[in-house]
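What follows is each chain in one-letter form.
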Amino acid sequence: MNAPKITFIGAGSTIFVKNILSDVFHKPALKQAKIALMDIDQTRLQESQFVIDKLMRSAGANGSIECYTNQKEALRDADFVVVAFQIGGYEPCTVTDFEICKKYGLEQTIADTLGVGGIMRALRTIPHLWQICEDMTEVCPNATMLNYVNPMAMNTWAMYEKYPHIKQVGLCHSVQGTAEELAHDLDLNPDDLRYTCAGINHMAFYLNLEKSLSDGSYASIYPDLLNAFEQGTAPKPRIDHNPRCNNLVRYEMLKKLGYFVTESSEHFAEYTPYFIKPNRPDLIERYKVPLDEYPKRCVEQIAAWKSDLAKYKQTDSIQMPESREYASTIINSIWTGAPSVIYGNVQNTALIDNLPQGCCVEVACLVDANGIQPTKVGTLPNHLAALMQTNINVQRLTTEAILTENRDRIYHAAMLDPHTAAALGLEEIYSLVDELLVAHKDWMPQWIYR
């Protein structure tokens, strides 16, 4: 069997490239994979090449690695395209999104998925994803794109609309990651859980979440989670997470909604109007909401990478366990035909009946030699669908803004964002959007300024 070519766009995104390609090298059928690393930052590209080469040799893989700063050449004849980049970087663009919003009294935690920060990131990002789709159409039209770029739902939606022929899936680790966290809270083995999950990226819910019993049957763990929360034994400190972040927001929502949401409390706090409000420090304290979390995390990750890189230079091999990311599983299943099930972000083609058709939804997908095949969910509990709709409104209007080059829709998206609308008046929202668009002019599509 020939070896696949895997192109990684944004290879300077060190955490993703290290985890995903290490996973690839663990798969027997992928050990001869041809790896193409592409990034516009030559220094980060060389660092990633050094680490990936050492990971490859440590895993007994014997493929090839080539580096590119030219995107189209990196994509040529690719079988799989992994995308993980941040337009404008942590500095200046992420810092700008936080500092200007804070000036208006709009506090944020992550600001990469929804809200004004998410809208700005989508406007910066979608044109570049479209360019990847354009290049793929020319030089690798049959490749499958595995997209890790946020804001996931808006990015995926916009690519489906403009490039429907591109095979793509948006990937996140919140479904499988949260299942591991909940197992940890109840001292269970994650392998003993089974679940069905559905919704939108970062706001999907476990429609059922069960543990296996000694007699081979299954029982819901929701009563156990609620009891542990009431008794104060859950949430426990999260696995591999910093102490600033906990799950109080999500457990509170479990009490109110009856279902557990997949994305972290620091994310979820800014997708709703309930937890971050002006002049309400009591809410921040009660739910331990980590304001300005993403900028802090970026600084820590940059420092950690420098430390890790220094260690890697002093060792002959790098041993890494397989991560929870889906990318290598998908590549292996499509390449070999061995079936697997993953959770992916795809176009809603009658998959979830009470969410808008055409929007981006996160559902279970079968993967084999036929590609990625989403499964139908049917109807979600209406209160969950209604909560998701408040986020889909923002996703739809932002996507429409860039598809139709309509600046008004940018303001409308911000107006309908739940967190923004809870904190700011209309004139403040318009002024905030105007100031951010000016600050980001070098990174935005130029139709915005016509």
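Keep in mind that this is a model prediction, so the values were computed, not measured.

1. Observations regarding the state of the cysteines
Put plainly, a disulfide is one covalent bond tying together the sulfur atoms of two cysteines.
So, step 1. The tally for this structure, following the rule as stated, stands at 0 disulfides.
So, step 2. Sulfur of cysteine 140: no disulfide; nearest cysteine sulfur belongs to cysteine 133 and is 9.9 Å away.
So, step 3. Since its relative accessible area comes to 3%, cysteine 140 is described here as buried.

2. A word on the UniProt feature "binding site: Mn(2+)" (unreviewed entry) in the chain
So, step 1. Mapped onto the present numbering, the UniProt feature "binding site: Mn(2+)" (unreviewed entry) falls at Cys172 and His202. A maximum C-alpha distance of 8.4 Å among these annotated residues, which run over 31 residues, shows that they cluster at one spot.
So, step 2. In this fold, cysteine 172 is placed in the loop between strand S6 (167-170) and helix H7 (174-185).
So, step 3. In this structure cysteine 172 comes out as buried when scored by relative accessible area, which is 11%.
So, step 4. Those residues in contact with cysteine 172 that sit more than four places away from it in its chain are Asn201, His202, Glu263, Tyr326, Asn345 and Glu362.
So, step 5. Judged by its relative accessible area of 3%, histidine 202 falls in the buried class.

3. A word on the pairing of strand S8 (residues 203-212)
So, step 1. In this sheet, S8 lies alongside strand S7 (residues 193-200) in antiparallel orientation, the contact comprising 8 bridges. If you follow tyrosine 195 over to S8, its bridge partner there is leucine 209.
So, step 2. Hairpin geometry of S7 and S8 is characterised by an intervening segment of 2 residues between the two adjacent antiparallel strands and by a positive phi of about 70° at histidine 202.
So, step 3. Two strands pair when backbone bridges link them, and S8 and strand S9 (residues 218-220) are joined in this way by 3 bridges, in the antiparallel orientation. When the bridges of S9 are listed, glutamate 210 appears paired with serine 220.

4. Structural notes on the packing of helix H5 (residues 115-139) against helix H17 (residues 426-439)
So, step 1. Where H5 meets H17, the axes come as close as 11 Å, and the angle between the chain directions of the two elements is 35°. Note that H5 runs across H17; the crossing there is right-handed. Every residue of H17 that contacts H5 at Val116, Met120 and Leu123 is listed here: Leu432, Val433, Leu436 and Leu437.
So, step 2. Each residue belonging to the contact of H5 with H17 can be placed in one class, and the counts come to 7 nonpolar, no polar and no charged.

5. Points about the layout of surface pockets
So, step 1. The volume enclosed by the second largest pocket comes to roughly 350 Å³.
So, step 2. Lining the second largest pocket are 22 residues; nearest its centre among them are Thr144, Lys167, Gln168, Gly371 and Ile372.
So, step 3. Of all the secondary-structure elements, those providing two or more residues to the lining of the second largest pocket are S6, helix H13 (327-336), strand S10 (340-347) and strand S12 (371-374).
So, step 4. Looking at the lining of the second largest pocket residue by residue, the classes come out as 12 nonpolar, 8 polar and 2 charged.

6. With respect to the side chain of lysine 5
So, step 1. Relative to the helices and strands, lysine 5 is located in strand S1 (residues 5-9).
So, step 2. Of the side chains with opposite charge, glutamate 66 lies nearest to the buried lysine 5, which makes no salt bridge, at 5.9 Å.
So, step 3. Leaving out residues up to four positions away in the same chain, lysine 5 has contacts with Lys34, Ala36, Glu73, Ala74, Leu75, Arg76, Asp77, Ala78, Asp79 and Phe80.

7. Comments concerning the pattern of salt bridges
Where charged atoms of side chains with opposite charge meet at close range, the side chains can pair.
So, step 1. Evaluated as defined, the whole model comprises 25 salt bridges.
So, step 2. Note that glutamate 230 is salt-bridged to lysine 255, the shortest N-O span being 3.4 Å. Here glutamate 230, found in helix H8 (residues 222-231), pairs with lysine 255, found in helix H9 (residues 248-257); they are 25 residues apart in sequence, far enough to count as distant.
So, step 3. Linking aspartate 353 and lysine 376 is a salt bridge whose minimum nitrogen-to-oxygen distance equals 2.8 Å. Taken together, the residues span a long stretch of sequence, with aspartate 353 in the loop between S10 and strand S11 (360-368) and lysine 376 in the loop between S12 and helix H14 (382-404) at a distance of 23 residues.
So, step 4. Among the residues examined, aspartate 353 registers a relative accessible area of 42% and is labelled partly exposed.
So, step 5. Three or more residues joined by partner-sharing salt bridges are found here, namely Arg244, Glu266, Glu293, Arg297 and Glu300.

Procedures and definitions
Residues numbered from 1 in each chain as written. Predicted model: local features only at pLDDT ≥ 70, side-chain atom pairs only at ≥ 80, totals over all residues. Heavy atoms only, no water. Disulfide = S-S within 2.5 Å. Buried < 20%, exposed > 50% of the residue type's maximum accessible area, 1.4 Å probe, protein only. UniProt positions renumbered as here; feature names shortened; annotations may be inferred. Helix = DSSP H or I, 4+ residues; strand = E, 2+ residues; numbered from the N terminus. Contact = heavy atoms within 4.5 Å. Pairing = 2+ DSSP bridges. Axes fitted to C-alpha atoms, helices over the stretch in contact; angles between N-to-C directions. Left-handed = near helix turned anticlockwise from the far one by under 90°. Nonpolar A, V, L, I, M, F, W, Y, C, P; charged D, E, K, R; others polar. 1 Å grid on protein atoms, 1.4 Å probe; cavity = no way out; pocket = protein on both sides within 12 Å on 5 of 7 lines; lining within 4 Å. Points joined across faces, edges and corners; volume = space filled by probe spheres on them. Lys, Arg positive; Asp, Glu negative; His and termini not counted. Salt bridge = Lys/Arg side-chain N within 4 Å of Asp/Glu carboxyl O.

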